[in-house]
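Structural characterization, general
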Amino acid sequence: MEKTNDTPNAGLRLTHVDDPPPEFRAELGQRINAFHARTVPFTSSRFGLRLTDGAGELAGGLSGLMSWGWLFIDAVWVRADQRRRGTGRRLMNAAERHAAAQGCHGVWLDTFQARGFYETLGYEVFGALNNYPGGQSRYFLRKTLLAARDQDAAGG
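Reference entry: report on the structure contained in this document. (Residues numbered from 1 in each chain as written. Predicted model: local features only at pLDDT ≥ 70, side-chain atom pairs only at ≥ 80, totals over all residues. Heavy atoms only, no water.)

1. A few points about the packing of aromatic side chains
Formally: Each pair of aromatic rings taken from Phe, Tyr and Trp, with Trp reduced to its six-membered ring, is defined by centres within 6.5 Å and is described as stacked if the planes are under 30 degrees apart, edge-to-face if over 60, and tilted in the remaining cases. A run of DSSP states H or I qualifies as a helix once it reaches four residues; a run of E qualifies as a strand once it reaches two. Both are numbered from the N-terminal end. Comment: the charge-over-ring label is applied if NZ (Lys) or CZ (Arg) is within 6 Å of the ring centre and within 35 degrees of the ring normal.
By the definition in use, this model includes 5 aromatic pairs. On the numbers, 4.3 Å between centres and 40 degrees between planes, the contact of Phe72 with Trp108 is tilted. Here Phe72, found in strand S5 (residues 70-78), pairs with Trp108, found in strand S6 (residues 106-111); they are 36 residues apart in sequence, far enough to count as distant. Ring centres 6.3 Å apart and planes at 55 degrees place the aromatic pair Phe126 and Phe140 in the tilted group. In this pair, Phe126 sits in strand S7 (residues 124-130) while Phe140 sits in strand S8 (residues 137-144), placing the two residues 14 residues apart along the sequence. The side chain of Arg115 reaches across the aromatic face of Tyr139, ending 4.4 Å from its centre.

Dropping the structure here:
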């Protein structure tokens with residue numbers, strides 16, 4: 001549903017659009033990145049890790065975005081029959097090694113269901129949103145990464 005209101009700024013029109021299209025969100029991101037580039041150049045790269053079983057079915061996966069020396073983990077999923085078997089740890093370790101090899105010094109993520117899992121991997125809470133989703137808290141966690149050469153020396 002599109003709603004339009006006049007704004008106090010002459011010649012500007014404010015429009016509300018439910019479920020904005022990907023093109024609009026992409027344009028906003030590009031313009032924000034261009035603004036930041038004036039003082040802090042922005043480059044980013046995405047990657048994914050896909051873990052499949054013997055039948056080629058998805059058993060787990062991870063999606064990440066690297067920028068400004070940080071890896072942001074935006075999605076991690078492990079199939080129910082693969083949980084508590086080291087599968088999530090395997091995905092996270094692979095992502096961290098990749099990010100460190102690309103020059104990242106830290107990683108961050110948010111979760112409302114798996115805080116304990118991430119803490120066992122060395123992540124620490126640096127913020128929380130209470131009641132998001134309702135009755136729960138969304139936690140923001142971070143971890144300092146070893147340089148790739150340090151991980152190799154440590155057997156990581």
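2. Examining the pattern of salt bridges
Stated formally: Any Lys or Arg side-chain nitrogen located within 4 Å of an Asp or Glu carboxyl oxygen qualifies as a salt bridge. Residue burial is assigned from relative accessible area. The probe radius is 1.4 Å, only protein chains are included, and a residue is buried under 20% of its type maximum, exposed over 50%, and partly exposed in between.
In this structure the tally under the stated criterion is 8 salt bridges. Two residues, Lys143 and Glu96, come together in a salt bridge whose shortest N-O distance is 3.0 Å. Highlighted residues: Lys143 in strand S8 and Glu96 in helix H2 (residues 87-101), separated in sequence by 47 residues. Under the relative-accessibility criterion, Lys143 is labelled buried at 17%. Between Asp110 and Arg138 there is a salt bridge whose closest N-O contact spans 3.1 Å. Of this pair, Asp110 sits in strand S6 while Arg138 sits in strand S8, placing them 28 residues apart in sequence. What makes Asp110 partly exposed here is its relative accessible area of 28%. The structure contains a network of salt bridges with shared partners spanning Asp53, Arg79 and Asp81.

3. Section: the pairing of strand S4 (residues 58-67)
Walk down a regular strand and you will see the side chains alternate between the two sheet faces. Spelled out, the test is: Paired strands are those between which DSSP finds at least two bridges.
A large share of S4 lies buried, amounting to 7 of its 10 residues. With 9 bridges connecting them, strand S3 (residues 44-52) and S4 associate as antiparallel partners. Paired with Leu49 across the bridge in S4 is Leu62. Linking two consecutive strands that pair antiparallel, namely S4 and S5, is a turn of 2 residues; a positive phi of about 50 degrees is found at Trp68 within it.

4. Observations regarding the pairing of S8
Direction of pairing for S6 relative to S8: antiparallel, over a ladder of 6 bridges. The residue of S8 that forms the bridge with Thr111 is Tyr139. As paired strands, S7 and S8 are joined by 6 bridges and run antiparallel to one another. The residue bridging Ala128 from the neighbouring strand is Tyr139, located in S8.

5. Some remarks on the nonpolar core
Where we set the bar: Only buried residues count toward a nonpolar core. Its members are Ala, Val, Leu, Ile, Met, Phe, Trp, Tyr and Cys residues joined through side-chain atoms within 4.5 Å. Whether two residues touch is decided by their heavy atoms; if any such pair falls within 4.5 Å, the residues are in contact.
Among the nonpolar cores identified, the biggest contains 19 residues, and Leu62, Leu71, Ile73, Met92, Leu109 and Tyr123 are the most heavily contacted of them. Among the elements of the structure, S3, S4, S5, H2 and S6 are those that each provide at least two residues to this core. Among the elements that take part in this core, H2 stands out by supplying 4 residues, more than any other. Apart from residues lying up to four places away in sequence, Leu71 is in contact with Phe47, Gly64, Leu65, Met66, Ala95, Ala99, Cys104, Gly106, Val107 and Trp108.

6. Details of the sheet that holds S3
Going by this rule: Whenever a helix is involved, its axis is fitted only over the stretch in contact; in every case the axis is a line through C-alpha atoms, and angles between N-to-C directions fall within 0 to 180 degrees.
Ordered by their spatial adjacency, 6 strands build an open sheet running S3-S4-S5-S6-S8-S7, and the pairing between neighbours is mixed. Each having just a single partner strand, S3 and S7 make up the two edges of the open sheet. Direction aside, neighbouring strands of the sheet carry axes that sit 20 degrees apart on average.

Honestly, it's all geometry; don't read function into it.
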